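# Understanding the architecture of this molecule
For reference, the chains in residue letters:
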Amino acid sequence: MKIAVLVKEVPDTWGDRRLDPSTKRVDRSSDVVVDEVDEKAVEIALQLQAANAGSTVTVVTMGPKRALDSLRKGLAMGADSAIHLVDDGLAGSDAVQTSAALAAALAPRGFDLVIAGNESTDGRTAAVPAMLAERLGVAQLTALRTLHVSGSTVSGERVTDDGYVDVETSLPAVVSVNEQIAEARYPSFKGIMGAKKKPVEVLGLGDLGLAAGDTGAANSWSVVHDVTARPARTGGTIVTDDGTAATQLADYLAAAKLI
Amino acid sequence: MFTLTRDQVALVDAVRDFATNELAPHAAEWDETHYFPIEVLREAGRLGLGGIYASEQFGGSGLSRSDAVRIFEELAVGDPTIAAYISIHNMVVWMIDRFGDARQRARWLPSLTTMDALGSYCLTEPGMGSDAAALRTRAERVGDQYVLNGVKQFISGAGAAAVYVVMARTAETGSHGISAILVPADAPGLSFGPLEKKMGWHAQPTRQVIFDDVHVPVANRLGSEGDGFGIAMGALNGGRLNIGACSLGGGQFALDKAVAYLKTREAFGSPLIEKEALLFQLADMRMQLEAARTLLWRAADALDRGADDAVPLCAMAKRMATDAGFEVANASLQLHGGYGYLTEYGIERVVRDLRVHQILEGTNEIMRLIVGRDLAGA
Ligand SMILES: Cc1cc2nc3c(=O)[nH]c(=O)nc-3n(C[C@H](O)[C@H](O)[C@H](O)COP(=O)(O)OP(=O)(O)OC[C@H]3O[C@@H](n4cnc5c(N)ncnc54)[C@H](O)[C@@H]3O)c2cc1C
């Protein structure tokens, strides 16, 4: 089984994250890390690889040069190879364009299973996996909290607002997984030192068969009109304990339909 | 030496993630309940922490001493006691990797490097510590066996470890009459004293190791008969660097806590960090740690290169880093006022843990002795 895992470099959720009002994009000048859910996607891919002899895992990212570090992290965890989509013409692409670029990279390489995080912690569109499946013309299972492959059947539990639904389809497929899917392993020292010896394929617009007008902020299908910083946290409601604090709290929670 | 490569940064990042997620959240509880988390050590083994500077043939990570000091500093930010035990384990692994023959290495290293099996280093005795060449535990040769009798004192990991590297007397020729012998935990006649009650390092056991006619094959000896003292001292060079790094990590943790605390704590109408006397104190703490770190990296580099002055440099670095770490942690406690004295704030634990680093792996007086003797050409 040939597995591809989509990973994305995002601003560290531990730091201050902000939108840049001038570009109306996420400010990526702060500390960046591999999105946590993507590390978990790499983990489940490695577990599937271990359970299915002869499988390979390729980590794929579209991002600036330094996003190579995110690929290295996946390689250090144990992935076999990496694909890096990097081109000035790709910067600022929206979900529609991103899915086109990823499809252009993945389609000719014939993956059986593409695993993505269900949504990134920065853009949070949760749209790329579904769009990618459409473009590749393969089945999609999204928002999975478990993932199994048996023969050519891929299945899992898809999380919904009310609970979960058992879903399955046949390979090839694109699946997206949520943060419950697995606990990501720590890369071992040997993995880290060996990562730089693993192959990283670098693809630009030309290699992808895309034209300059296909991708990038200037040709985006969606336009961000405005960005506003989240309003500062207000004081909230303070309950003073005059002997009835518990009742007041319960009333408050009940009014908010939380209990 | 002072600019890290991408790989070196990635190594430190991985250890920081591990220490932040697997050590730091539990350090207070392990201290309080005197719990030695061997299952977490196994996880550490999967990262490659079981044989950091052992060769890769039997599962070691094949990294340098310079990598190791950065790794131990990060581990100690999470928990100095666990970091320090991992250092002792690595001393044992290195001794077997460096001085063991092919059979010894193949037998012991695979499980030690994964930390499925743990190691203990047995040099100190009830009647002698600093004057290690005067040790009295005997290993008498009977046919193709050694028969060990004696007591080792203050042994870290005792009772939990699977293998004990024991420095024992095989001849009455002072430091040249000592041999290093591997004793497995299940050897008949091997027993342990009660857990020592101690100021810090609660998350790892310290016990006597008692030998009562313990028979082991002569094939368990590392190196030649009489090589034991040199082997033990060789391991201590790395041990000293590592323990110094553990002190820096603990000190850095305490300094970062102090900075955060003084920013939020108000007195006399403003946050305390605005009091210049306290800001200067923080600056001094940072300088102490940074100076010690610089020396530690230099000493590690010297050991990596096998430089002539590696031994005194390791001694200098051990003394400076363990003093700096303790003093900074103690100063952080003071800066936290009464809260620093409360267990909840996590500072008093680090003060207690770092105190022993000034005593073991050679006391800081012995470090001065090594440096002074080197100076005097003695
Ligand atoms: C928690 C803990 C864990 C330990 N773990 C281990 C372990 O795993 N394995 C192991 O082998 N040992 C271990 N030790 C032992 C430790 O290494 C010794 O305690 C240390 O070497 C000092 O020896 P001592 O206690 O006998 O002190 P002594 O040697 O009796 O020294 C007493 C004092 O005299 C000073 N002194 C001694 N000689 C001189 C001199 N020539 N000049 C100036 N000052 C001198 C010392 O610095 C010290 O201040 C551990 C100790 C502790 C407390």
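Residues numbered from 1 in each chain as written. Chains lettered and ligands numbered in written order. Predicted model: local features only at pLDDT ≥ 70, side-chain atom pairs only at ≥ 80, totals over all residues.

### Regarding the overall build of chain B
Counting its regular elements, chain B contains 11 helices and 10 strands. Its C-alpha radius of gyration of 21 Å places chain B within 12% of the 21 Å reference for a compact globule of 378 residues. C-alpha extents for chain B along the principal axes are approximately 80 × 45 × 40 Å. Here chain B holds 378 residues, and 52% of them are scored as buried. Within chain B, counting contacts between residues at least 6 apart in sequence, those at least 24 apart form 75% of the total. (Helix = DSSP H or I, 4+ residues; strand = E, 2+ residues; numbered from the N terminus. Rg over C-alpha atoms; globule rule 2.2 N^0.38 Å. Buried ≥ 20, exposed ≤ 12 C-beta atoms within 10 Å, placed from the backbone. Contact = placed C-beta atoms within 7 Å.)

### Side note on the interface of chain B and chain A
Accessible area lost on assembly of the parts is the figure often given for the size of an interface. With 11 residues of chain B at the interface, the matching set in chain A holds 10 residues. For the side of chain B that touches chain A, the secondary structure elements donating two or more residues are α1 (6-23) and α3 (38-47) of chain B. In terms of residue count, α1(B) provides more of the side of chain B that touches chain A than any other element does, 6 residues in total. When the residues that make up the side of chain B that touches chain A are grouped by side-chain class, the tally is 6 nonpolar, 2 polar and 3 charged. (Nonpolar A, V, L, I, M, F, W, Y, C, P; charged D, E, K, R; others polar.)

### Notes on the domain arrangement of chain B
Residues and elements named next belong to chain B. Split by domain assignment, chain B resolves into domain 1 (6-113), domain 2 (119-224) and domain 3 (229-376). A C-alpha centroid distance of 20 Å is found between domain 1 and domain 3. Each partner contributes to the interface: domain 1 provides 25 residues, whereas domain 3 provides 25 residues. Elements represented by at least two residues in the side of domain 1 that touches domain 3 include exactly α2 (27-33), α4 (65-78) and α5 (80-99). For the side of domain 1 that touches domain 3, the leading source of residues is α5, giving 11 residues. (Domains from an automatic or database assignment.)

### Focus on the site of the ligand
Residue and element names in this part refer to chain B. Around the ligand sit 21 residues, and of these G129, S130, S156, T363 and E365 come closest. Secondary-structure elements contributing two or more residues to the shell around the ligand are β1 (119-122), β3 (145-156) and α11 (364-376). Among the residues forming the shell around the ligand, the class breakdown is 12 nonpolar, 7 polar and 2 charged. Looking at which domains feed residues into the shell around the ligand, each of domain 2 (119-224) and domain 3 (229-376) supplies at least three. (Near = placed C-beta within 6 Å.)

### Some thoughts on α4(B)
Helix length check: α4(B) (14 residues) gives 20 Å between terminal C-alpha atoms against 20 Å at 1.5 Å per residue, within 8%. The element α4(B) is extensively covered by neighbouring structure, given that 14 of its 14 residues are classed as buried. (Expected span 1.5 Å × (residues − 1).)

### Describing the pairing of strand β2 (residues 138-142) of chain B
All names here are of chain B. Relative to β3, β2 runs antiparallel, the two being bridged by 5 bridges. Residue pairing across strands places R141 opposite Y146, the latter belonging to β3. Between the antiparallel neighbours β2 and β3 lie 2 residues, among them G143 with a positive phi of about 65°. (Pairing = 2+ DSSP bridges.)

### Description of the nonpolar core
Formed by 185 residues in total, the largest nonpolar core has its most connected members in V5(A), I115(A) and M95(B). Ranked by residue count, the leading element in this core is helix α7 (residues 228-264) of chain B, at 16 residues. Leave out the neighbours within four places in its chain, and M95(B) touches V165(B), A180(B), L222(B), I231(B) and A235(B). (Core = buried A, V, L, I, M, F, W, Y, C linked by C-beta atoms within 7 Å.)

### Some points on the environment of G238(B)
All names here are of chain B. As for its position among the elements, G238 is in helix α7. Each C-alpha atom of the pair G238 and Y53 lies 9.5 Å from the other, and the pair is 185 residues apart in sequence. The residues contacting G238, other than those within four sequence positions of it, are Y53, R65, M91, W94 and L303.

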